[in-house]
Amino acid sequence: MPKLTEIAYAKINLALHVRGKMPNGYHALETIFAFAKDGDILQAEVNDTEDNLTITGPFSEGLEANKDNLVLRAVTALRQACPNKIPAGFSIILDKRLPVAAGIGGGSADAAAMLRMIGQHYQIPHELLLSLANSLGADVPACVDSCLVRGEGVGEKLTQIGDRSLEEKPLLLVNPRVSCSTPMIFKNWDGIDRGALDSDGSILGAARSGRNDLEPPARKILPIIGEVVEWLQQQKGVSFSRMSGSGATCFALFDEIEDRDAAYKKLNIDHPEWWALSSLLR
């Protein structure tokens, strides 16, 4: 088998409505998932022994490459489901280019990329990949296809969105190099259901009229998130900006690539200590 390579695309929540807490302790959500064209990079090739994972890249520090890592759990799940198709071992390299605990997919995107990469090479049915993804985490199913999609439940009930108006939309992701604890952010959500996510009209219209219910508690715990959002909203050509997921990464969509590039350059001057990714929506 040749060395396989796959991108773990950065996930963005264009809107994220928390509708309530379910009996099992999880929260009922309505969200619009979108994805950047860039992210972490995964490589894999067959070996004759067992799976091993090497983590490199600017955000590799502190990450464990043991059997509990979602990438290795994804391979194990595939092998258990298809023992006659999946080899006994893979040597895997994860180039960690995205911040950790940052509201943009992280381990979920990495696990989904692993499922997608190995699944496509060994012709594993797509429905099985989605089923395995669901067993790995709430965001993993959306990350398998990494396309514009509406999510409900805990994020695993997916409905494809036919609106393609956001494809190739210039995008800037910014993280002030702080991590956000998702359980802590949910714990500090005020418990108020502020209504459903709009399902009519354009997807950008639905996102704009929506909200991220986790942004207020995140900004309360980490006020710097508010600084990032406000900085983005002040940039020329921004059509829409908000915090993604449970934070602390924030995003801005631009109408023109030139305005996004200008904002990226300005960010490096105004806040060189912040992390940023200049990309496009898939």
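Residues numbered from 1 in each chain as written. Predicted model: local features only at pLDDT ≥ 70, side-chain atom pairs only at ≥ 80, totals over all residues. Heavy atoms only, no water.

This is how the line gets drawn: UniProt positions are given in the numbering used here, feature names are shortened, and annotations may be inferred rather than shown by experiment.
Per an unreviewed UniProt entry, the chain goes by 4-diphosphocytidyl-2-C-methyl-D-erythritol kinase and derives from Zymomonas mobilis subsp. mobilis. According to the UniProt record, the Catalytic activity (unreviewed entry) comment for the chain reads "4-CDP-2-C-methyl-D-erythritol + ATP = 4-CDP-2-C-methyl-D-erythritol 2-phosphate + ADP + H(+)". UniProt lists a comment for the chain under the heading Pathway (unreviewed entry), and it reads "Isoprenoid biosynthesis; isopentenyl diphosphate biosynthesis via DXP pathway; isopentenyl diphosphate from 1-deoxy-D-xylulose 5-phosphate: step 3/6."

Quick notes on the sheet that holds strand 8 (residues 238-243)
The test is simple: Strands are labelled as partners when DSSP assigns at least two bridges between them. Note on conventions: DSSP H or I runs of at least 4 residues are helices, E runs of at least 2 residues are strands, and numbering of each starts at the N terminus. Comment: axis = line fitted to C-alpha atoms, over the contacting stretch for helices; angle = value between 0 and 180 degrees taken between N-to-C directions. Two residues form a contact once any of their heavy atoms are found within 4.5 Å.
In space, the four strands of this open sheet follow the order 8-9-7-10, with antiparallel pairing throughout. Each edge of the open sheet carries a strand with a single partner, namely strand 8 and strand 10 (275-280). When strand polarity is set aside, the average angle formed by the axes of neighbouring strands in this sheet is 15°. Bridging between strand 7 (residues 170-175) and strand 9 (residues 250-254) involves four bridges; their strand directions are antiparallel. Counted as the bridge partner of leucine 171 is leucine 253 from strand 9. Strand contacts of helix 8 (residues 224-233): strand 7, strand 8 and strand 9, with the helix running at about 175° to strand 8, the strand carrying the most contacts. The strands touched by helix 9 (residues 257-270) are strand 7, strand 9 and strand 10; relative to strand 10, the strand with the most contacts, the crossing angle is about 170°.

Here's the deal with the nonpolar core
Counted only if it meets this: What is meant by a nonpolar core is a set of buried Ala, Val, Leu, Ile, Met, Phe, Trp, Tyr and Cys residues, joined one to another through side-chain atoms within 4.5 Å. Burial classification: accessible surface area is computed with a 1.4 Å probe over protein chains only, and a residue below 20% of its type maximum counts as buried, one above 50% as exposed, and the rest as partly exposed.
Membership of the largest hydrophobic core comes to 41 residues, with the highest contact counts inside it found for Ile92, Met114, Leu115 and Ile118. With eight residues, the single largest contributor to this core is helix 2 (residues 107-121).

Concerning the packing of aromatic side chains
Put simply, the rule is: Side-chain rings of Phe, Tyr and Trp, where Trp is taken by its six-membered ring, are said to pair if the distance between their centres is within 6.5 Å; with planes under 30 degrees apart they count as stacked, over 60 as edge-to-face, and otherwise as tilted. A positively charged side chain is recorded as over a ring if its NZ (Lys) or CZ (Arg) lies within 6 Å of the ring centre. The angle to the ring normal must also be within 35 degrees.
In total, this model carries three aromatic pairs according to the counting rule given. Over the face of the ring belonging to tyrosine 9 we find arginine 282, whose NZ or CZ atom lies 3.9 Å from the ring centre.

Let's talk about the UniProt feature "active site" (unreviewed entry) in the chain
For clarity, the threshold we go by: The method works on a 1 Å grid over the protein atoms by themselves. A cavity is a set of points holding a 1.4 Å probe that cannot get out, a pocket is an open set with protein on both sides within 12 Å along at least five of seven lines, and residues with an atom within 4 Å of a point line them.
Within this numbering scheme, the UniProt entry marks Lys11 and Asp139 as carrying the feature "active site" (unreviewed entry). The named residues occupy 129 residues along the chain; their greatest pairwise C-alpha distance, 9.0 Å, places them in one compact cluster. For the largest pocket, the lining residues among the annotations just cited are Lys11 and Asp139. Here lysine 11 is in contact with Phe33, Ala34, Phe35, Gly103, Ile104, Gly105, Asp139, Cys143, Ser244 and Gly245, once residues within four sequence places are set aside. Within the fold, aspartate 139 resides in the loop between helix 3 (126-136) and helix 4 (140-145). When near neighbours in sequence (up to four residues on either side) are disregarded, aspartate 139 contacts Lys11, Phe33 and Ser108.

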